[in-house]
Amino acid sequence: MRTRILAIAVITAAIGAPIAAQAQTVGVAPGPGVAVTESEGIAVDQRPAFRQYVVRERVPNYTIQDRVVVGTVLPETGVTYYDVPQTFGATPYRYTVINGSTVLVEPRSRRIVQVID
């Protein structure tokens, strides 16, 4: 009787383990996403002008190993962040250029909140 119960427990665990492992890895992202509205970030119609501004200012490009996506946390040192000019709207965020992409960053957490394409 004990061997039968033990066998059932082993089979149940063997069947359940892959399902539990899969449930833990589905939807893993670099960090929690942050929703940025156009009133907080750079509006769609102002993005081309903002990109031109960044090029004119000759903002240095920083390279990181991670993908440049919303939610990625940038390194604590080695990256310089710049204030967004008032002409592009008041925003609590700063900008920089990472892997060739201009990004808005939440200054305290260094988390990317908008990628300006």
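Residues numbered from 1 in each chain as written. Predicted model: local features only at pLDDT ≥ 70, side-chain atom pairs only at ≥ 80, totals over all residues. Heavy atoms only, no water.

J.: Just to check I follow, could you spell out the packing of aromatic side chains for this structure?
T.: In this description, a pair of aromatic rings is defined by centroid distance and the angle of the planes. Scanning the model with the defined rule gives six aromatic pairs in all. With centroids separated by 5.1 Å and ring planes inclined at 80 degrees, the aromatic side chains of Phe50 and Phe88 adopt a geometry described as edge-to-face. Here Phe88 lies in the loop between strand S2 (82–83) and strand S3 (94–98) and Phe50 lies in helix H2 (residues 47–56), a separation of 38 residues in the sequence. Summarising the aromatic geometry, the rings of Tyr82 and Tyr95 are spaced 5.6 Å apart at their centres and angled 35 degrees between planes, so their arrangement reads as tilted. On the criterion of sequence distance, the pair formed by Tyr82 in strand S2 and Tyr95 in strand S3 is long-range, its members being 13 residues apart. (Phe/Tyr/Trp six-rings, centres within 6.5 Å; stacked < 30°, edge-to-face > 60°. Helix = DSSP H or I, 4+ residues; strand = E, 2+ residues; numbered from the N terminus.)

J.: Looking at this structure, I do not really get the side chain of Arg111. What am I missing?
T.: Along the chain, the position of Arg111 falls in strand S5 (residues 111–116). Despite its burial, Arg111 pairs with no opposite charge; the closest candidate is Glu106, at 7.2 Å N-O. Polar side-chain contacts of Arg111 include one of 2.6 Å to the backbone oxygen of Gly71. (Buried < 20%, exposed > 50% of the residue type's maximum accessible area, 1.4 Å probe, protein only. Lys, Arg positive; Asp, Glu negative; His and termini not counted. Salt bridge = Lys/Arg side-chain N within 4 Å of Asp/Glu carboxyl O. Polar contact = N/O pair within 3.5 Å; in protein donor to acceptor, adjacent residues only side chain to side chain.)

J.: I'm lost on the pattern of salt bridges in this one. Help?
T.: Side-chain pairs of opposite charge can arise whenever the charged atoms involved come near each other. Taken as a whole, this structure holds one salt bridge when the rule is applied. The salt bridge partner of Arg94 is Asp83, with a shortest N-O separation of 2.6 Å. Within this pair, whereas Arg94 is found in strand S3, its partner Asp83 is found in strand S2, the two being separated by eleven residues in sequence.

J.: It is not clear to me how the nonpolar core should be interpreted in this structure. Could you clarify?
T.: Proteins that are soluble and globular tend to have nonpolar side chains buried together. Counting residues in each nonpolar core, the largest one holds 13 residues, and the members touching the most others are Ile42, Phe50, Val54, Val84, Tyr95 and Leu104. The set of elements that each furnish at least two residues to this core consists of H2, S3 and S5. Looking at which element gives the most residues to this core, the answer is H2, with three residues. Excluding residues within four positions of it along the chain, Val84 makes contact with Ile42, Phe50, Gly89, Thr91, Tyr93, Arg94, Tyr95 and Leu104. In terms of nonpolar packing, the next biggest core, distinct from the first, is built from nine residues, Tyr62, Ile64, Val103 and Val105 among them. (Core = buried A, V, L, I, M, F, W, Y, C linked by side-chain atoms within 4.5 Å. Contact = heavy atoms within 4.5 Å.)

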